[in-house]
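# Overview (structure and organization)
Each chain, written out:
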Amino acid sequence: MFQRGTLANWIIKTSQLIEPLYGLIHRELIARHHLQGDETPIQVINEPGRAAKSRSYMWVATIPLKLTNRIVYYAYSQTRAGSFAQKQLCSTYQGVLQCDGYAGYNLLGDQAIKRVGCWAHVRRKFKDAFDADKQYVETPLRLINSMFRLEKTWQHFSPRVRQRRRRSKIRPLLKQFWQWVDHYDGLAKSRLGKAVTYAADQRMYLSRIVNDGTMDWSNNTAERTMKSLVIGRKNWLFSTSPEGARSTAIWMTIVESAKANHIDPTKYIEYILLGVAQLPTFPKKEQLAAYLPWNFKESDLEAVKRAQAGVLIPDKNEDKNAS
């Protein structure tokens, strides 16, 4: 039985081996025109200059369900500050980012990066208010629910068709919703008041989705990918070191990107560990591109095994041809 520390060190060392692939996945990510983002706290015990109980964060970025060659990218940071999101995206990214109303995203600006909001976050706040006082929240919540019901019927449509449907069917609902928000005169500190304030502050970003059929109506895709980390966190509890936290980000990126592209994570991991180890110390982009998740086929794994084991693993196709 291996010691826990030994196993952890193996995970860190293998993550360092595939770090060039992790870097390429990030470059592929910021080359896309539509992204969704989220973040969640984690604990890292031995961060230099910080108390063991300090909060660190894991950020995730993914792309909407409508797009192919899907990426789920995790990144570890000691802070939730928007400067980290700025560092990850702003240097080269030009496109649409869907996120919640966290103020840290304001550092991204609204020029090269166009933000859109998440209606699921709005709905949760109005649902909480509805549970406390049904009488005054029925109208806005009914309008939001109607938007989601319509979106569900269009989820398999092309972005172009979905855009047209949003403009014709959802835009009138939005107009009614914003009219209700504008005429709200209740207590600002109540649950309903806070829901109204959140929606009003996000109005520009929430309204933009009507004109973008590629982007989802909510940021739930990013939240679901973050849930995989949250479930794991209940088991491993914390990372001992920054190296361990970064290793978690790398391996979560590999596993969740494989799942997003409907491939077996176990076979994909075996393929990249066998193949990337044979690449030069500073591999070229073209060499790494073969190991991107959407380029993987199970036959590639068999080919790598044959190449490394010689005649010990026969080619099944050759056997068929011989017979």
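The notes below deal with the structure included here. All values reported here derive from a predicted model rather than from experimental measurement.

Okay, helix 4 (residues 119–132) next. With 14 residues, helix 4 extends 20 Å from end C-alpha to end C-alpha; this agrees with the ideal 20 Å at 1.5 Å per step. The set of residues buried in helix 4 consists of W119, A120, H121, V122, F126 and A129. Looking at the buried residues of helix 4, the elements they touch are helix 5 (134–153), helix 6 (159–182), helix 7 (191–201), helix 8 (203–207) and helix 9 (220–236).

A surface patch of positive charge is lined by R160, R164, R165 and K169. Position of R164 among the secondary structure elements: in helix 6.

Axes are the key here: two packed helices are described by the angle between their axes and the distance separating the axes. It is at 11 Å that the axes of helix 9 and helix 10 (residues 242–260) come closest, and there the two elements cross at 135 degrees. Judged by the angle between their axes, helix 9 and helix 10 are oblique. In the crossing of helix 9 with helix 10, the sense of the turn from one axis to the other is right-handed. On helix 10, the residues that touch S228, L229 and W236 of helix 9 are T248, M252, E256 and K259. Class assignment of the residues belonging to the contact of helix 9 with helix 10 gives a composition of 3 nonpolar, 2 polar and 2 charged.

By volume, the largest pocket is sized at about 640 Å³. Lining the largest pocket are 19 residues, and of these A8, I11, W236, F238 and T248 sit closest to its centre. Each residue belonging to the lining of the largest pocket can be placed in one class, and the counts come to 11 nonpolar, 7 polar and 1 charged. Space inside the second largest pocket adds up to approximately 360 Å³. Lining the second largest pocket are 14 residues, with L65, Q155, R162, D216 and S218 positioned closest to its centre. Among the elements of the structure, helix 5 and helix 9 are those that each provide at least two residues to the lining of the second largest pocket. Looking at the lining of the second largest pocket, its residues break down into 3 nonpolar, 5 polar and 6 charged.

About the cut-offs
- Sequence order sets the numbering: in each chain, residues are counted from 1 along the sequence as written.
- Local features in this predicted model are restricted to residues of pLDDT 70 or higher, and side-chain atom pairs are both shown and tallied only at a pLDDT of 80 or more, whereas totals for entire chains, interfaces and linings draw on every residue.
- Based on all heavy atoms of the structure, the side-chain values leave hydrogens and waters out of the count.
- Helix and strand labels come from DSSP, where a helix needs a run of H or I of at least four residues and a strand needs a run of E of at least two; each type is numbered from the N terminus.
- By definition here, a helix of n residues has an expected span of 1.5 Å times n minus one.
- Working definition: with a 1.4 Å probe on protein chains only, accessible area under 20% of the residue-type maximum means buried, over 50% means exposed, and in between means partly exposed.
- Any pair of residues with heavy atoms lying within 4.5 Å of one another is described as a contacting pair.
- Each patch is built from residues lacking any salt bridge and having more than 30% relative accessible area; the joining distance is 9 Å for like charges and 5 Å for nonpolar side chains (Val, Leu, Ile, Met, Phe, Trp, Tyr).
- To be clear on the numbers: accessible area is Shrake-Rupley with a 1.4 Å probe, and residue cover counts the displayed protein chains and nothing else.
- Any Lys or Arg side-chain nitrogen located within 4 Å of an Asp or Glu carboxyl oxygen qualifies as a salt bridge.
- The positive count covers Lys and Arg only, the negative count covers Asp and Glu only, and His and the chain ends enter neither.
- The atoms used to mark charge sites are NZ of Lys, CZ of Arg, CG of Asp and CD of Glu.
- Axis definition: a line fitted to C-alpha atoms, over the contacting stretch in the case of helices. Angles run 0 to 180 degrees between N-to-C directions.
- Relative orientations are named as follows: roughly parallel for angles under 35 degrees, roughly antiparallel for angles over 145 degrees, roughly perpendicular for angles from 65 to 115 degrees, and oblique for any other angle.
- Each crossing is labelled by how the near helix is turned from the far one, with a counterclockwise turn of less than a right angle marking it left-handed and a clockwise turn marking it right-handed.
- All residues other than Ala, Val, Leu, Ile, Met, Phe, Trp, Tyr, Cys, Pro, Asp, Glu, Lys and Arg, Gly among them, are scored as polar; the first ten of these are nonpolar and the last four charged.
- We place a 1 Å grid over just the protein atoms. Points where a 1.4 Å probe fits but has no way out form a cavity, open points with protein on both sides within 12 Å along at least 5 of 7 lines form a pocket, and any residue with an atom within 4 Å of a point lines it.
- Grid points are joined across faces, edges and corners, and a volume is the space filled by probe spheres set on the points.

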